Amino acid sequence: MAAPFGPAGTRMYRTGDLVRWTPLETIEYVGRSDHQVKVRGFRIELGEIDSVLSAYPGVEFAVTVGVDAASGETMLASYVVLGDDAVDMDELLSHARRSLPAFMVPSAITPIEHVPLTPSGNSTDRRCRADTAFVRAEVEPLTTATELQIAGVVAELLGIEQIGASDSFFELGGNSLLATRLSQRLGESLGRQVAVRMLFEHPEIRELAAALDTSARVKALPPITVADRPDRIPLSYAQARIWFLNQMDPGSPAYNVPAAISLDGALDVPALEAAVLDVIERHEILRTVFPDSDTGPHQVIQDAFTSLEYGTADTREPAELAGEFASRGFDITTQAPIRAPARVDAAATHSGHRDPPRRGGRMVDRAVDEGRAHRLRREKFGTRSRVHPASRCTTRTSPSGSGKRWAL
């Protein structure tokens, strides 16, 4: 489509996502302008599934929606309005499997009495869902102890109550990431190693149980336990790699992980700094430097640390300041891999508030922050900033499972 923000003739991509501005000037995702959902990494047009189901004799209407399973994954649930002729749901599901790719086959098909419509009555309301989406009429019984154990773990992982011997883990909603978790949990339950590859070769419960029962039993690896911390703490393999790259160019921002936070109302600087420092004090990796020595690099934990840079005099635009902030690298041999500046905007109003808005940022080097840890630390910062009316919290504990103790 034509881009209204660039020179004449420039184009921009229409994503199809529906979003809205919040009072905090953030964008909130609310859905799609079409009927596409993303399942197992594939973008799916739900109308294609509806067409296949509607073509089956006895089905007058079909509608498919994406629902969130207990595992957090998106699963497909179809609802059909039947005619006068009886339709076997298992046969209809088999028809879908013959006509659609595996990732487009609905996990369940539920009969409904009438077509759900929007209030205007002009289109199908895909937000209306029956409570019986994943209730299955019958499943093939489990017969062996191994089948029962596998089914129990799969049911817990996928949030499905009824699982039969002929059910496939992937057709029930599993994917490669969940297969990794299933492999680990089965290993704990069965007391042996279960390779992820085996789950792909034998996705059905019965087949997997038979393969495990007939294959050579490989004893499970011993559990990872906490080790005593030595005086000189070595680097993990990932840290050693990033340390090496950092020594070649300490000013490079290639591994920075930036985050920006906008605060409205009167800014309590001591409380803000206390919240930042509490998170840093709780997570010692955020106050760790990685100096070199005759025997190679190692980790040194700092006791005292201040990371908040507070200022009001800078008149540059927030975007310019953020760009400069994000482009500053870390020399991780001498600098703790985190810093957080705070700045008061000059604007008179913000999100309906008369007080000038405050904008903060946080920068962490990827040598210490990855994926889920990054999200959890943001959540902890928000929690601790709310419980700090004016001063530091008096009860602070370090996690018992410090990464340094587990990685030795």
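Residues numbered from 1 in each chain as written. Predicted model: local features only at pLDDT ≥ 70, side-chain atom pairs only at ≥ 80, totals over all residues. Heavy atoms only, no water.

(A) Structural detail: helix α2 (residues 89-99). Every buried residue of α2 is listed here: L92, L93, H95 and A96. Projected down its long axis, α2 shows its buried positions confined to an angular sector of 155°, all on one face. Buried residues along α2 sit against α1 (46-54), β5 (59-68), β6 (74-82) and β7 (108-112). Put simply, D88 is the residue that caps the front of α2, since its side-chain oxygen is 2.9 Å from the backbone nitrogen of D90. (Buried < 20%, exposed > 50% of the residue type's maximum accessible area, 1.4 Å probe, protein only. Helix = DSSP H or I, 4+ residues; strand = E, 2+ residues; numbered from the N terminus. Arc of directions from axis to C-beta. Contact = heavy atoms within 4.5 Å. Polar contact = N/O pair within 3.5 Å; in protein donor to acceptor, adjacent residues only side chain to side chain.)

(B) Spatial organisation of helix α4 (residues 176-190). Its 15 residues give α4 an end-to-end C-alpha distance of 21 Å, which sits within 8% of 21 Å, the value for a rise of 1.5 Å per residue. Those residues of α4 that fall on the buried side of the exposure criterion are L178, A179, L182, S183, L186, G187 and L190. Close packing links the buried residues of α4 with α3 (145-158), α5 (196-201) and α6 (205-214). (Expected span 1.5 Å × (residues − 1).)

(C) Geometry of the pattern of salt bridges. Applying the stated criterion across every chain, the model contains 5 salt bridges. Salt-bridge contacts for R20 lead to E28; the nearest nitrogen and oxygen are separated by 3.4 Å. Judged by its relative accessible area of 47%, R20 falls in the partly exposed class. Taking the relative accessible area as the measure of exposure, E28 reaches 34% and is therefore partly exposed. A salt bridge links E156 to R185, with the nearest nitrogen and oxygen atoms 3.7 Å apart. Of this pair, E156 sits in helix α3 while R185 sits in helix α4; the two residues are 29 residues apart in sequence, bridging distant segments of the chain. Exposure remark for E156: the relative accessible area of 59% places this residue in the exposed category. Residue class for R185 comes out partly exposed when judged on its relative accessible area of 24%. (Salt bridge = Lys/Arg side-chain N within 4 Å of Asp/Glu carboxyl O.)

(D) Summary view of the packing of α3 against α4. Close contact between α3 and α4 brings their axes to 10 Å; oriented N to C, the two are set at 140°. Between α3 and α4, the interaxial angle falls into the category oblique. As α3 runs across α4, the sense of the crossing is right-handed. Here Q149, I150, V153, V154, E156, L157 and L158 of α3 lie close against α4, whose contacting residues are L178, R181, L182, R185, L186, S189 and L190. Of the residues belonging to the contact of α3 with α4, the class tally is 9 nonpolar, 2 polar and 3 charged. (Axes fitted to C-alpha atoms, helices over the stretch in contact; angles between N-to-C directions. Parallel < 35°, antiparallel > 145°, perpendicular 65-115°, else oblique. Left-handed = near helix turned anticlockwise from the far one by under 90°. Nonpolar A, V, L, I, M, F, W, Y, C, P; charged D, E, K, R; others polar.)

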